[in-house]
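Chain by chain, the residues run as shown.
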Amino acid sequence: MPKLDEAEVAKLREQYERDGFFVVKKLLKPEELQVWLDRFEDICAGKVERAQGMTVMKDIEIARRKGTIKSSKDVTKIQDFQDDPVMFEFCKHDKMLDYVEAMVGSSTVRTIHNMLINKPPDLGSGTSRHPMHQDLHYFPIRPADKIIATWVAMEHIHRDNGCLAVIPGSHKGPLLTHGNPDWEGGVNKLYHGVKGDIDMEKRVYLEMEAGDCVFFHPLLIHGSGRNSTKGFRKAISAHYASAECEFDHVPQELMDDFFAGQDEIPREMQEQLVRESFALRSRQVRGEQLPHWNVQSSL
């Protein structure tokens, strides 16, 4: 497979350093996306066994109105699908990894998180919204410049069905304090947002077609609004990091969620367990694994 053109890489890197993101049009083919869409439907319908460690999430409003999961209409997200042989092919896609390698400046790369997002039609309480946030909040590794997100539209994504909104240049600032937003109506408790004032006038909406991929910095402030259509909005995403990244501070907000009601566990042990869980869910996708990722779980 031919490597990226050096002139293209230089142009994209300039945009990435200035804005914190760039979009590559039609990076993936419709037939590739269809494989993962079909697998998602089979997972939701129980036609295939869920991989170990996979998380299947429901919107809180859907959960109030429905019982057990029967189809994709009951599910808003699956994540940690690194042990599903079909879904994980997305994370190993050479076209994406070429851009990842160029932006993080390393030929040894790990995928550290993945998800397929099935944004539901909003049922009126606003729970389909995802507050403006920075992904670095969720990652106990540094440096930030060695981490990058990929987010691929699986269909036409636009303002009405809740496309991504980003604040260009916000990645140049620090990691801000996060927590649950003070919203009227419903709030998904695992969807943290930046606490404090954000200049929302600077938002840029990323309307995308199926197969388009946005690459963005983990400090970029971004989120998505309500899905005001009648259909579910689908996208698939993975985060990557240079394997040279080192483990670092774990935010208290994450430990509060991870260990809710378990105050008897000392903070030092909480941090260690979060790091172990994070490392065990990550996978090497290019180059050789470095020793500090060889974690022996105490979970």
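One structure accompanies this document, and this report is about it. Think of each chain on its own: its residues are numbered from 1, step by step along the sequence as written. Two thresholds apply to this predicted model, a pLDDT of at least 70 for residue-level local features and 80 or more for giving and counting side-chain atom pairs, whereas whole-chain, interface and lining totals are computed over all residues. Only hydrogens and water are set aside; all other atoms, that is, all heavy atoms of the structure, feed into the side-chain values.

## Quick notes on the overall build of the protein
Link 1 in the chain: Helix and strand assignments come from DSSP, with helices taken as H or I runs of at least 4 residues and strands as E runs of at least 2, each series counted from the N terminus. Assigned secondary structure in the protein consists of seven helices and 16 strands.
Link 2 in the chain: Scaling as 2.2 N^0.38, a compact globule of 299 residues should have a C-alpha radius of gyration of about 19 Å, and the protein matches this with 19 Å.
Link 3 in the chain: Expressed as lengths along the three principal axes of its C-alpha atoms, the size of the protein is roughly 50 × 45 × 45 Å.
Link 4 in the chain: Counting only residues that meet the buried cut, the protein has 53% of its 299 residues in that class. Two things to know: the radius of gyration comes from C-alpha atoms, and the globule rule equals 2.2 Å times the number of residues to the power 0.38. Only protein chains enter the calculation, and the probe is 1.4 Å; a residue is then buried if its accessible area is under 20% of its type maximum, exposed if over 50%, and partly exposed in between.

## Regarding the environment of Val-250
Link 1 in the chain: Within the secondary structure, Val-250 sits in the loop between β15 (246–247) and α6 (252–258).
Link 2 in the chain: By relative accessible area, Val-250 is classed as buried at 0%.
Link 3 in the chain: Val-250 sits 20 residues away from Gln-270 along the chain, and the two C-alpha atoms are 9.0 Å apart.
Link 4 in the chain: In this structure Val-250 touches Pro-140, Met-255, Arg-267, Glu-271, Val-274 and Arg-275, once residues within four positions along its chain are discounted. Every residue pair with non-hydrogen atoms within 4.5 Å of one another is taken to be in contact.

## A short note on the packing of helix α1 (residues 6–19) against helix α5 (residues 94–104)
A pair of packed helices can be characterised by two numbers: the angle between their axes and the separation between those axes.
Link 1 in the chain: Throughout, an axis means a line fitted to C-alpha atoms (over the contacting stretch in the case of helices), and angles, computed between N-to-C directions, take values from 0 to 180 degrees. Between α1 and α5, the least distance of the axes is 10 Å, while the angle of their chain directions is 65°. α1 and α5 meet at a crossing whose hand is right-handed. Between α1 and α5, the contacting residues are Glu-8, Val-9, Leu-12, Arg-13 and Tyr-16 on the first element and Tyr-99, Ala-102, Met-103 and Val-104 on the second.
Link 2 in the chain: The nonpolar class holds Ala, Val, Leu, Ile, Met, Phe, Trp, Tyr, Cys and Pro. Asp, Glu, Lys and Arg form the charged class, and all remaining residues, Gly among them, are polar. In the contact of α1 with α5, the residues fall into seven nonpolar, no polar and two charged. Here a crossing is called left-handed whenever its near helix is offset anticlockwise from the far helix by less than a right angle, and right-handed whenever the offset is clockwise.

## A look at helix α2 (residues 30–45)
Link 1 in the chain: With 16 residues, α2 should cover 22 Å at 1.5 Å per step; its first-to-last C-alpha distance of 22 Å lies within 8% of that length.
Link 2 in the chain: Burial in α2 covers these residues: Leu-33, Trp-36, Leu-37, Arg-39, Phe-40, Ile-43 and Cys-44. The buried side chains of α2 occupy one side of the element, clustering within an arc of 160° when seen end-on. For α2, the exposed residues set more than 90 degrees away from the buried face come down to Pro-30 and Glu-31.
Link 3 in the chain: Next to the buried residues of α2 lie β3 (77–79), α4 (88–91), β4 (109–119), β7 (147–153) and β14 (233–242).
Link 4 in the chain: Among the residues trailing α2, Gly-46 stands out with phi positive, at a value near 75°. Every helix has an expected span of 1.5 Å times one less than the residues it contains. Summarising the geometry, the arc corresponds to the directions from the helix axis toward the C-beta atoms.

## Some words on a negative patch on the surface
Link 1 in the chain: In this scheme, patches are assembled from residues that exceed 30% relative accessible area and form no salt bridge. Like charges are connected within 9 Å, while nonpolar side chains (Val, Leu, Ile, Met, Phe, Trp, Tyr) are connected within 5 Å. Shrake-Rupley sampling with a 1.4 Å probe provides the accessible areas, and residues are treated as covered by the protein chains on show and by no other component. Salt bridges are defined by distance alone: a side-chain nitrogen of Lys or Arg within 4 Å of a carboxyl oxygen of Asp or Glu. Asp and Glu count as negative and Lys and Arg as positive, but His and the ends of the chain are not part of the count. Lysine's charge is taken at NZ, arginine's at CZ, aspartate's at CG and glutamate's at CD. Residues Asp-256, Asp-257, Asp-263 and Glu-264 make up a contiguous surface patch of negative charge.
Link 2 in the chain: The topology assignment puts Glu-264 in the loop between α6 and α7 (267–281).

## Remarks on the pattern of salt bridges
Link 1 in the chain: Counted under the stated rule, the structure contains 13 salt bridges.
Link 2 in the chain: One salt bridge in this structure joins Glu-17 and Arg-13, with 3.7 Å as the shortest N-O distance. Placement of both Glu-17 and Arg-13 in helix α1 is noted, with a separation of four residues, approximately one turn of the helix.
Link 3 in the chain: What makes Arg-13 partly exposed here is its relative accessible area of 26%.
Link 4 in the chain: Between Asp-83 and Arg-283 there is a salt bridge, and its shortest N-O distance comes to 2.7 Å. Linking Asp-83 in the loop between β3 and α4 with Arg-283 in strand β16 (residues 283–286), this pair joins segments that are 200 residues apart in sequence.

## As for the state of the cysteines
Link 1 in the chain: We call a pair of cysteine sulfur atoms a disulfide when they lie within 2.5 Å. One pass over the structure, following the stated rule, counts zero disulfides.
Link 2 in the chain: Note on Cys-91: no disulfide assigned, nearest cysteine sulfur contributed by Cys-213 at a separation of 12 Å.
Link 3 in the chain: With relative accessibility at 0%, the residue Cys-91 sits in the buried group.
Link 4 in the chain: Looking at the unpaired Cys-245, the closest cysteine sulfur is the one in Cys-91, lying at 17 Å.
Link 5 in the chain: Judged by relative accessible area, which is 0%, Cys-245 ranks as buried.

## A look at unusual backbone geometry
Apart from glycine, the bulk of residues carry a negative phi angle, and the bulk of peptide bonds sit in the trans form.
Link 1 in the chain: In this structure, the amide linkage connecting Arg-142 to the following residue, Pro-143, adopts the cis form with an omega of 10°.
Link 2 in the chain: Its place among the elements puts Pro-143 in the loop between β6 (141–142) and β7.
Link 3 in the chain: Even without being a glycine, Lys-26 presents a positive backbone phi close to 50°.
Link 4 in the chain: Relative to the assigned elements, Lys-26 resides in the loop between β1 (21–24) and α2.
Link 5 in the chain: Positive phi outside glycine occurs at Asp-80, with the angle close to 60°.
Link 6 in the chain: Along the polypeptide, Asp-80 turns up in the loop between β3 and α4.
Link 7 in the chain: Given a relative accessible area of 7%, Asp-80 falls into the buried group.

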